[in-house]
Amino acid sequence: MNIMPLSQAERSASGGFRVDISRGQRVGRVSSEWFSRPDDERYLNLPDLYDAVRSRAERAQARTVESRAIRVEASGDNPEHLTMTVPGRDGPIAPTHWSFGQLCTLVSAPTSYLRQLPAALSGINLQHGLLSHRSELLKTLEADNGRTELRAVTGPQYGRIWDHELVGAVMKIAGNGTGDSRWKVPGVLDWATMTHNPFVDVTKDTTTLYASDRDVFLFLVDDTNPIEAGRLPDGSPDLYFRGFYCWNSEVGSKTLGIASFYLRAVCMNRNLWGVENFEEITIRHSKFAVQRFAHEAAPGLTSFANSSPAPFVAGIKAARQRIVARTDEDRESFLRKGGFSKSETTKIIETVLGEENRKPESIFDFVQGITALARTKSHQDTRLELEGKARRLMERAI
């Protein structure tokens, strides 16, 4: 195993690391976030992101109230909008688009239909649902943002993990996220030279630190310290970087999750290329979510950040060394026993032959062929099934 400092790595004229993205998986989750975020949801460093989500938490108040005691009516100032009167608060509060949908779901009301009704009629329907709500209790999250808003309404057992708690956990290992630690906003793949340049200015176009009024998403890599895990057919090093992304929603729009992996490059559109050893944990915002975050997610993130890549490299080495097929009959038998169809078997063998200029022999060869085939599949279920088979093959080699 070699962890190659920047001064020792093989570089192109552009100063990046040469990579081979024909191997491993392509993961598009970060790219989906990158495409969908407007400028006001993009942050250039972790301290600014933390301050934004921490300040909104400080302006918020969470309470558990009786559903029957909530009053819903059309706004006196604007009859096209609803307001709610909640026990313990003097003035009315206005539901956001998100919390209105949550409230409809909780009382089993058709959200899209109620949005089309005049506010007065929508309020009457919601009021009826609240009066007959079986669980009797709701948990509200109210915030003062110039006007008092209902940011979220959930069941009473909702276990809220604040967005700033996740960002704070990341800052413990990543500092400002832009270079004062090994973990940083990623660089960019140069398609012309197939090099990953880790040193790219963090701008609204390149950042991978996001927060909206209902969630946070962060993606960081250690791309100035490539890991050499064997050699490519031309003798050059097969380089990887470590990376992770994580997400949360303190208002209940998604779970908390952390995904860790090794990757070979990140392109301008923030697709992850050459991904290996992808691992993901999620935590639902249930009663014990806070305890699980404290005892599982946050320590797991720190452990990955500080861990040695030796087991990962050893696994790849073992897969390269474990020869499972030397003849065409062996290859076909190995894949067919692994659950691959005849056509898939042919494509996997042809893919390896085309990319490596030889037919597959080791488990690593077959895994690379399977993941390459998976990348050609447009249907996600089919792609995930193939990637799962490849992952299980790698596990057999270790």
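Above this text is the structure in question.
The rules behind these values
Residues numbered from 1 in each chain as written. Predicted model: local features only at pLDDT ≥ 70, side-chain atom pairs only at ≥ 80, totals over all residues. Heavy atoms only, no water. Helix = DSSP H or I, 4+ residues; strand = E, 2+ residues; numbered from the N terminus. Buried < 20%, exposed > 50% of the residue type's maximum accessible area, 1.4 Å probe, protein only. Areas by Shrake-Rupley, 256 points an atom, 1.4 Å probe, with all protein chains shown as cover. Pairing = 2+ DSSP bridges. Axes fitted to C-alpha atoms, helices over the stretch in contact; angles between N-to-C directions. Parallel < 35°, antiparallel > 145°, perpendicular 65-115°, else oblique. Contact = heavy atoms within 4.5 Å. Nonpolar A, V, L, I, M, F, W, Y, C, P; charged D, E, K, R; others polar. Salt bridge = Lys/Arg side-chain N within 4 Å of Asp/Glu carboxyl O. Left-handed = near helix turned anticlockwise from the far one by under 90°. Phe/Tyr/Trp six-rings, centres within 6.5 Å; stacked < 30°, edge-to-face > 60°. Lys NZ or Arg CZ within 6 Å of the ring centre and 35° of its normal.

1. Brief notes about the overall build of the protein
Argument step 1. Of regular secondary structure, the protein possesses 12 helices and 18 strands.
Argument step 2. C-alpha atoms of the protein, sized along the principal axes, occupy 75 × 45 × 35 Å.
Argument step 3. Counting all 398 residues of the protein, 51% fall into the buried class.
Argument step 4. Just so you have it, the protein exposes about 18500 Å², and 49% of that area is on carbon and sulfur atoms.

2. Things to note about the pairing of strand β15 (residues 237-248)
Argument step 1. Here β15 lies mainly inside the structure; 12 of its 12 residues are buried.
Argument step 2. Of the two faces of β15, the one holding P237, L239, F241, G243, Y245 and W247 and the one holding D238, Y240, R242, F244, C246 and N248 are both buried throughout.
Argument step 3. In this structure, the hairpin formed by strand β14 (residues 216-231) and β15 is closed by a connection of five residues, where G235 is found at a positive phi of approximately 90°.
Argument step 4. Looking at chain direction, β15 and strand β16 (residues 256-263) are connected through seven bridges and run antiparallel. Bridging across to β16, F241 finds its partner in L263.

3. A few points about the packing of helix α10 (residues 342-356) against helix α11 (residues 363-375)
Each pair of packed helices can be summarised by the angle the axes make with each other and by the distance between the axes.
Argument step 1. Across the interface, α10 lies against α11 with an axial gap of 8 Å and an inter-helix angle of 105°. Accordingly, the angle class assigned to the pair α10 and α11 is roughly perpendicular. Contacts from E344, K347, I348, T351, V352 and E355 in α10 reach D365, F366, G369, I370, A372, L373 and R375 in α11.
Argument step 2. Taken together, the residues that form the contact of α10 with α11 break down as six nonpolar, two polar and five charged.

4. A closer look at the pattern of salt bridges
Argument step 1. Counted under the stated rule, the structure contains 26 salt bridges.
Argument step 2. Each of R29, E33, R37, E41, D215 and K254 takes part in salt bridges that share partners, so that together they form one network.

5. A few points about the environment of F217
Argument step 1. As for its position among the elements, F217 is in strand β14.
Argument step 2. On the basis of relative accessible area, F217 is assigned to the buried category, the value being 0%.
Argument step 3. Separated by 14 residues in the primary sequence, F217 and R231 place their C-alpha atoms 34 Å from one another.

6. Structural notes on the packing of helix α9 (residues 328-337) against α10
Argument step 1. Look at α9 against α10: their axes get within 10 Å of each other, and the N-to-C directions meet at 125°. Judged by the inter-axis angle, α9 sits oblique to α10. With respect to the hand of their crossing, α9 and α10 are arranged in right-handed fashion. On α10, the residues that touch R331, E332, L335 and R336 of α9 are K342, T345, I348 and I349.
Argument step 2. Considered class by class, the residues forming the contact of α9 with α10 number three nonpolar, one polar and four charged.

7. Thoughts on the sheet that holds strand β5 (residues 60-66)
Argument step 1. Read from one edge of the open sheet, four strands run β5-β9-β10-β8, paired in mixed fashion. At either end of the open sheet lies a strand with only one pairing partner, and these are β5 and β8 (94-95).
Argument step 2. When strand β9 (residues 137-144) meets strand β10 (residues 148-154), the two strands line up antiparallel, connected through six bridges. Looking at β10, one finds that A143 is bridged to E149.
Argument step 3. This element, helix α3 (residues 97-106), spans β8, β9 and β10 of the sheet and lies at about 35° to β10.

8. Some details on the packing of aromatic side chains
Argument step 1. Applying the stated criterion across every chain yields a total of 16 aromatic pairs.
Argument step 2. Measuring from ring centre to ring centre gives 5.9 Å for W183 and F304, while their planes differ by 45°; the resulting arrangement is tilted. Separated by 121 residues along the polypeptide, W183 in the loop between α6 (163-174) and β11 (188-190) and F304 in helix α7 (residues 289-306) bring together distant segments of the chain.
Argument step 3. Summarising the aromatic geometry, the rings of Y262 and F312 are spaced 3.7 Å apart at their centres and angled 0° between planes, so their arrangement reads as stacked. With a gap of 50 residues between them, Y262 in strand β16 and F312 in helix α8 (residues 310-321) connect regions that are remote in the sequence. For the pair Y262 and F312, a shared accessibility class is recorded, and that class is buried.
Argument step 4. Cluster of aromatic residues (ring-pair linked, three or more members): Y210, F217, F219, Y245, W247, F261 and F278.
Argument step 5. In this structure, R26 packs its charged tip against the face of W273, placed 6.0 Å from the ring centre.

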